[in-house]
Amino acid sequence: RQYQHLTDSLRGKDCRAALQPALAHARSPLFDVAVSPDGRLEFLRGITNCAFESEDDATAFEAAELWVARTPGERWPQIIRMHYGFRFDRPAASLEALDVLARGWPEDVRSIGLSMLGRLRRAADEADEKGDRSLALYESLLRAGYQPEAPYNDDFLRMAHARLLLDRGRVDEARVR
């Protein structure tokens, strides 16, 4: 009954009042046992959408994390994770989401602005000293066909990517980049 009441509330005009109780319900172990897989995803979608529309970014991010834990290939929660991971001290979530989006929805990656790209690059640089995370970032950008908006060009991205490829002995690939 609580699940149904919250589901109905999330669909209402004033869904914001249901956000915290709905999130608590989604975190409970009973949620995974008592609610069907489709029902869980619809419930998490409702929380995420309501939180996003209500500008409750922390709740939107947390609901997106719960959603992705159940179905990592969904577009909308990955977009939320990519944009909000930094704000909530989870830059790894932003980097993971970028990779998923580059594989399935490259247009979302191509729409990233330079400020977001800068945050992603810093997060990748800080993630590991060997540069593996940075290499994965550049390969995701390449896979998506990322190009900064004019008047900027991608020289800085190609050079950084080529440097990482050279560090790994991948000379031919570096030359192409």
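Described in the following lines is the structure provided in the data block. All values reported here derive from a predicted model rather than from experimental measurement. Sequence positions are assigned chain by chain, starting from 1 and proceeding in written order. Reporting in this predicted model follows two pLDDT cut-offs: at least 70 for local features of residues, and 80 or more for side-chain atom pairs to be given and counted; totals over whole chains, interfaces and linings ignore these cut-offs and use all residues. Calculated side-chain values reflect all of the structure's heavy atoms, with hydrogen atoms and water omitted.

Describing the nonpolar core
Counting 27 residues, the largest nonpolar core has Leu98, Val109, Ile112, Leu120, Leu137 and Leu141 as its most contacted members. Secondary structure elements with two or more residues in this core: α6 (75–84), α7 (91–104), α9 (114–127), α10 (132–144) and α11 (155–167). The contact criterion used is simple: two residues touch if any of their non-hydrogen atoms lie within 4.5 Å. Beyond its immediate chain neighbours, meaning those up to four positions away, Leu98 contacts Met82, Val109, Ile112, Leu120, Leu137, Ser140 and Leu141. Nonpolar core, defined: a set of buried Ala, Val, Leu, Ile, Met, Phe, Trp, Tyr and Cys residues in which side-chain atoms within 4.5 Å join the residues together. When accessible area is computed with a 1.4 Å probe and restricted to protein chains, residues below 20% of their type maximum are described as buried, those above 50% as exposed, and intermediate ones as partly exposed. One finds Ala63, Ala64, Ile80 and Ala93 within the second-largest nonpolar core, a separate group that totals 25 residues. A helix here means a DSSP run of H or I that spans at least four residues, while a strand means a run of E at least two residues long, and both kinds are numbered starting from the N terminus.

A word on the packing of aromatic side chains
Aromatic pairing here means that ring centres of Phe, Tyr or Trp (its six-membered ring) are within 6.5 Å. Orientation follows from the plane angle: under 30 degrees is stacked, over 60 is edge-to-face, and everything else is tilted. The final tally for this structure, using the stated rule, is 5 aromatic pairs. Consider the rings of Tyr3 and Phe43, whose centres lie 5.3 Å apart with planes at 40 degrees: the pair is tilted. Of the two residues, Tyr3 sits in helix α1 (residues 2–11) while Phe43 sits in helix α4 (residues 37–53), which places them 40 residues apart along the sequence. Judged by its relative accessible area of 23%, Tyr3 falls in the partly exposed class.

A look at the environment of Leu95
By the element assignment, Leu95 lies in helix α7. Residues Leu95 and Arg170 lie 75 residues apart in sequence; the distance between their C-alpha atoms is 23 Å. What Leu95 contacts, discounting residues up to four positions off in sequence, is Leu120, Ala123, Ala124, Arg133 and Leu137.

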